[in-house]
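Fold and contact review
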Amino acid sequence: MAGAPSTGADEARNDAVEAALGKLDLDAKTRLLAGQDQWSLPALPQIGLASLVMSDGPVGVRGVRWTADDPSVALPSPTALAAAWDPGLARRAGRLLAQEARRKGVHVLLAPTVNLHRSPLGGRHFEAYSEDPFLTGAIGTGYVQGVQDGGVGTTVKHFVANDAETDRFTVDNVVTPRPLRELYLAPFEAIVANAHPWGIMAAYNTVNGTSMTEHRYLQREVLRGEWGFDGYIVSDWLAARSTTGALIGGLDVAMPGPKTVYGPALAAAVRAGEVEEAAVDEAVRNVLRLAARVGVLDGAPAVVTEPPATVDGDALTREIARRSFVLVRNDVRDGRPALPLDPAAGTIALSGAAARDARILGGGSATVFPDHVVSPLDGLTAALPEGALTYTVGADPSTELAVAEKGFALAAVCTAADGRVLASDPLPNGRVQWVGSDLPDGVAFDELHTVEIRGTFTPRESGEHTFGTRGVGGLTLAVGGETVFEGEQGRGTDSDPFAAFFGKPTERARVELTAGVPVEVSLRDVVHKADDLPMAAVSFSLLHLGPQFDPDELIAEAVEGARAADTAVVVVATTDAVESEGFDRKDLKLPGRQDDLVRAVAAVNANTVVVVNTGSPVELPWRDDVAAVLLSWFPGQEGGAALADVLLGAEEPGGRLPTTWPAVLADAPVSDTTPTAEGELHYTEGVFIGYRAWERAGTTPAYPFGHGLGYTEWSYETIEATGTEVRVRLTNSGPRAGREVVQIYLAPVASADGAPTVERPARWLAGFASVEAAPGESVEARIPLPRRAFEIWDEESGSWTYVAGRYEIQAARSVADRRLSAVVDTEA
Ligand code: BGC
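Predicted, not measured: the structure shown is a model, and the values here were computed from it. Residues take numbers from 1 onward in each chain, read along the sequence in its written order. pLDDT decides what is reported in this predicted model: residues at 70 or higher carry local features, side-chain atom pairs at 80 or more are listed and counted, and totals for whole chains, interfaces and linings draw on all residues regardless. Here the side-chain values reflect all heavy atoms present in the structure, with hydrogen atoms and water set aside.

**Observations regarding the overall build of the protein chain**
Convention followed: Helix numbering and strand numbering both begin at the N terminus, where a helix is a DSSP run of H or I of at least 4 residues and a strand a DSSP run of E of at least 2. Every radius of gyration here is taken over C-alpha atoms, with the globule rule written as 2.2 Å times N^0.38, N being the number of residues. Only protein chains enter the calculation, and the probe is 1.4 Å; a residue is then buried if its accessible area is under 20% of its type maximum, exposed if over 50%, and partly exposed in between. A contact between two residues is defined here by any heavy atoms of the two lying within 4.5 Å. Shrake-Rupley sampling with a 1.4 Å probe provides the accessible areas, and residues are treated as covered by the protein chains on show and by no other component. Think of it this way: Lys and Arg go in the positive column, Asp and Glu in the negative one, and His and the chain ends go nowhere. In this description, the location of a charge corresponds to atom NZ of lysine, CZ of arginine, CG of aspartate or CD of glutamate.
Across its full length, the protein chain carries 19 helices and 38 strands. Here the C-alpha atoms of the protein chain give a radius of gyration of 27 Å, agreeing with the 28 Å that 2.2 N^0.38 yields for 828 residues. In the protein chain, buried positions account for 62% of the 828 residues. Contacts spanning at least 24 positions in sequence make up 77% of the contacts within the protein chain whose residues lie at least 6 apart. Accessible area for the protein chain stands at about 29,400 Å²; split by element, carbon and sulfur atoms hold 49% of it. Counting 70 positive and 112 negative side-chain charges, the protein chain places the centres of these two groups 3 Å from one another.

**Regarding the sheet that holds strand β37 (residues 805-814)**
Heads up, the condition is: Following DSSP output, two strands are said to pair if at least two bridges run between them. Axis definition: a line fitted to C-alpha atoms, over the contacting stretch in the case of helices. Angles run 0 to 180 degrees between N-to-C directions.
Spatially, β33-β32-β37-β38 is the arrangement adopted by the four strands of the open sheet, whose pairing is antiparallel. With one partner strand each, in any of the chains shown, β33 (764-773) and β38 (817-826) form the two edges of the open sheet. Between one strand and the next, the sheet's axes are offset by a mean angle of 25°, whatever the strand orientation. As paired strands, β37 and β38 are joined by nine bridges and run antiparallel to one another. Residue pairing in the sheet places A811 in a bridge with L820 of β38.

**A word on the site of the ligand**
Cut-off, in case you're wondering: The nearness test applies per residue and asks whether one of its heavy atoms lies within 4 Å of the molecule or strand. Think of a polar contact as two N or O atoms within 3.5 Å of one another; within protein, one of them needs to be a possible hydrogen donor and the other a possible acceptor, and neighboring residues in sequence only count if both atoms come from side chains. Asp, Glu, Lys and Arg are counted as charged, while Ala, Val, Leu, Ile, Met, Phe, Trp, Tyr, Cys and Pro are counted as nonpolar; the rest, among them Gly, fall into the polar class.
The ligand sits among 15 residues. The nearest are D56, R124, H158, Y204 and D236. In the model, an oxygen atom of the ligand is placed 2.4 Å from a nitrogen or oxygen of the D56 side chain. In the environment of the ligand, an oxygen atom lies 2.8 Å from a nitrogen or oxygen atom belonging to the side chain of Y204. When the ligand is considered free in solution it has 310 Å² of accessible area, and contact with the protein chains removes 97% of it. In the shell around the ligand, the residues fall into six nonpolar, two polar and seven charged.

**Some thoughts on the domain arrangement of the protein chain**
For clarity, the threshold we go by: Domain delimitation in this document rests on an assignment produced automatically or drawn from a domain database. Defined here as a combined quantity, buried area equals the accessible surface (1.4 Å probe) lost by two parts on assembly, summed across both. The salt bridge criterion pairs a side-chain nitrogen of Lys or Arg with a carboxyl oxygen of Asp or Glu, the two atoms within 4 Å.
Considered domain by domain, the protein chain is made up of domain 1 (50-258), domain 2 (325-395 + 550-653), domain 3 (402-545) and domain 4 (712-826). Once you take the C-alpha centre of each, domain 2 and domain 4 turn out to be 34 Å apart. Facing five residues of domain 2, the contacting portion of domain 4 comprises four residues. Summed over both partners, the interface of domain 2 with domain 4 buries about 270 Å², with 21% contributed by carbon and sulfur atoms. Together, P340, G649 and E652 form the three largest contributors to the area buried by domain 2 at its contact with domain 4, with a combined 94%. Counting the contacts that link domain 2 with domain 4 gives zero salt bridges. The tally of links from domain 2 across to domain 4 stands at two residue pairs in polar contact (both at pLDDT 80 or more). A breakdown of the residues in the side of domain 2 that touches domain 4 according to their chemical character gives two nonpolar, one polar and two charged.

**A look at the packing of helix α16 (residues 551-564) against helix α17 (residues 594-604)**
The following threshold applies: Orientation categories follow fixed angle ranges, with anything under 35 degrees roughly parallel, anything over 145 roughly antiparallel, 65 to 115 roughly perpendicular, and all other angles oblique. Whether a crossing is left-handed or right-handed is set by the direction in which the near helix is turned from the far one by less than a right angle, anticlockwise for left-handed and clockwise for right-handed.
Two elements in contact, α16 and α17, have axes separated by 9 Å at closest approach and are oriented at 30°. The angle between α16 and α17 places the two elements in the roughly parallel class. For α16 against α17, the interelement crossing comes out right-handed. Contacts between α16 and α17 involve I555, A558, V559, A562 and R563 from the former and D596, L597, A600, V601 and V604 from the latter. Looking at side-chain class alone, the contact of α16 with α17 contains eight nonpolar, no polar and two charged residues.

**Quick word on helix α8 (residues 216-226)**
Along α8, the residues classified as buried are L218, Q219, R220, V222, L223 and R224. Two residues or fewer past α8, G228 is found with a positive phi of approximately 75°.

**Brief notes about the sheet that holds strand β26 (residues 567-573)**
Pairing within the open sheet is mixed, and its six strands lie in the order β10-β28-β27-β26-β13-β14. At either margin of the open sheet sits one strand with a lone partner, and together these are β10 (326-330) and β14 (389-392). Here the strands of the sheet are splayed against their neighbours by 15° on average, with no regard to which way each runs. Looking at chain direction, β10 and strand β28 (residues 628-631) are connected through four bridges and run antiparallel. By the bridge assignment, N330 is partnered in β28 with A628. Packing of α16 onto the sheet brings it into contact with β13 (348-351), β14 and β26, and relative to β13 it is tilted by some 160°.

**Some points on α17**
The test is simple: To be clear, the arc concerns the directions from the helix axis to the C-beta atoms.
Within the sequence span of α17, burial applies to Q594, D595, L597, V598, V601 and A602. Along the axis of α17, the buried positions cluster into a sector of 160°, meaning they face one direction only. Turning to α17, the residues buried within the fold contact β13, α16, β26 and β27 (608-613).

**Thoughts on the layout of surface pockets**
In plain terms, the rule: Note on definitions: the grid is 1 Å and covers protein atoms alone; a cavity is a set of points where a 1.4 Å probe fits but cannot get out; a pocket is an open set with protein on both sides within 12 Å along at least five of seven lines; lining residues have an atom within 4 Å of a point. Grid points are joined across faces, edges and corners, and a volume is the space filled by probe spheres set on the points.
Each pocket or cavity is described by its volume, and for the second largest pocket that value is around 730 Å³. Taken together, 33 residues make up the lining of the second largest pocket; nearest its centre are F134, L765, P786, R788 and A789. Elements supplying a minimum of two residues to the lining of the second largest pocket: α5 (133-149), α6 (177-184), α7 (186-195), β33, β34 (778-784) and β35 (791-794). Considered class by class, the residues forming the lining of the second largest pocket number 21 nonpolar, three polar and nine charged. When we break the lining of the second largest pocket down by domain, the ones giving at least three residues each are domain 1 (50-258) and domain 4 (712-826).

**Observations regarding the pattern of salt bridges**
Summed over all chains, the structure comprises 57 salt bridges. Between R819 and D817 there is a salt bridge whose closest N-O contact spans 2.8 Å. Judged by its relative accessible area of 27%, D817 is partly exposed. One salt-bridge network, held together by shared partners, links R124, E127, E165, R168 and E581.

**Focus: unusual backbone geometry**
Most peptide bonds are trans, and most residues other than glycine sit at a negative phi. That bond from A111 to P112 is cis: its omega, 5°, falls within 30 degrees of zero. Structurally, the position occupied by P112 is in the loop between β2 (108-109) and α5. At the junction of F159 and V160, the peptide bond is cis and its omega measures out at 0° in the coordinates. With respect to the helices, strands and loops of the structure, V160 is situated in the loop between β4 (156-159) and β5 (172-174).

Here it is, written out as structure tokens:
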């Protein structure tokens, strides 16, 4: 397999790269391979190279300052993007992100995440696309193409098998060659072949005994050798641990800096004869090629000189959200489906804490700060006639401290040891997270002694308010002018150096406050400056939790609202403490009393619609007792507007499940992500993850892979298939225009001879396409069947083997709802 076909511009870039490389001495070369700070590589003016800037990724472009005062467009979660089953839409999302990156001076986006949904417990499940490698590869391809259409690099991550978060720095994922190739490497391979990404990120974890940043076989032989990848390989943040191991293993760049295993340590290793300078040159070439592509190397033509047309961020975010919503249940009563609602008829009782305080994205490095958020309450209020909507909280899953936000007006005041104020910057919430050079203008880390989060808090409700902290250093918390906590918080013993960022919140004080009456709040942090810290960082947060009302009373209020209304809409959600980078989930339950709320509302209102606002699967024990269930994922900043579009029928929900939703965790094929005492996590299920495993076990999930309803009906009429293409004719037989995702599964038909000696899944996704049609209109979907769909990785020969024989080609609405099939006999 080869990389992108070479062009004249490629040659010009290669010439410029070689000329620049020739001018660098060993010290400059090794410096270029090490982060100079959290997000960038050093400029080398002697060769006309500007500093290359990277940024997370994947739902928005954070920019180099991880604060809320530098807003970014927040797209729906990657699970949502995948649920649209539309690589073209992913490409448009990518173009928007390139536009954001350019606006923020970012050259390389640290995205997409293409690890697989091996277990629903995976903490970054919301940040990856699917349990299926083909769908993941197709969406990732569109995304990478879109970002790079805009002249911005991508970093496909995390290479490879970073499918869970437990002990992510130390875990050794033990995977045999076949599942490694057929599942976990497959999306990376497809994206390299089809989108030619300019970067790959080496994961924290170890695979089969070798740390990924040092994995010579996977990085050099497979990724570069077999697949022809010609971009740069960057370590995940702090993942590189060995100077010679990483260089020999094929890692080009160690991030972040300034303390890394490359730079001076690498120059010394070359001088000591431990590694060849030629290997350094190779890595430098990869970085200079990236620099040339994004246009920061003088004399080299950038790949994109004219960025594509400007994208309207709000409009696209809203479109992706409604295209991603998956209507998993839409009960028909008296001939009428529960959804869409008629906006002109009747009243709606909305409940759920997330209906008011929308949860639009998942936690961790994927977090960005948008300049506005449309909650479900905002969206429905704007779309409905006055008086048609009532709102009650019903159940508040936020029984845990969260970053102070609603009602707080805060600033960060930085002072030197002598009390001089160095800077005072407004903060949009109670989080200070400055890493490396991200400090406010005018503040040098050496001089910085104390940071104080200071301001006022105007409570929304009267009662007992809880305040807390997250982060390290000497902390002093005051509320209403009174010191309520003073103490030292250390870093603890967690092996994850980011534990301080994502670490658990700690309660510090409870204070009685009155609604509408502002009080002063202050959290002072004497900055922790230990020598062993990998980088200069100030990371601490002021946390808050509102008064906890009697849960039964909250439910009773919602029930009263629902009883009086024509329709009840309940929004249920996970919290940041449940779904985030840095840890895996323990269970799939909705936190707090949300299940009780749904049951109680459904008991008094037959037209109860539940909106599930989570990035990953949760158990929905009441799912068959409500009129409709709509999964909205983490829907991005325009989520509430998109929700109104879909509930009220201006648009149909376009999503199909990219992942199986279990009824209960115990049914999920992989329901534990804890490594053994030796630190190993064995992928014992082999190629059987996701629907492949559900089908083998014969267990029925709550909702199968590929499932999702629209607002019209489709009749599948004919199928014609060869070994390379399928044509499906279908008609929109329902009442309104719509879009359908035609899914093609390949099911091997058992035969006595020629059958492979290894077990294969009952069927697997081999292609898909979406079609649009007006009522009564008939359309044809033409779907190519890739050769790879017929191949297995043969562990004996270490190669792909085409398995000739008889297959059923199935056209389906989900893996469990197969409408048509054709038999083909293939020959090698
Ligand atoms: C995450 C990466 C991210 C990096 C930089 C790491 O902890 O695993 O996905 O790109 O931090 O923020």
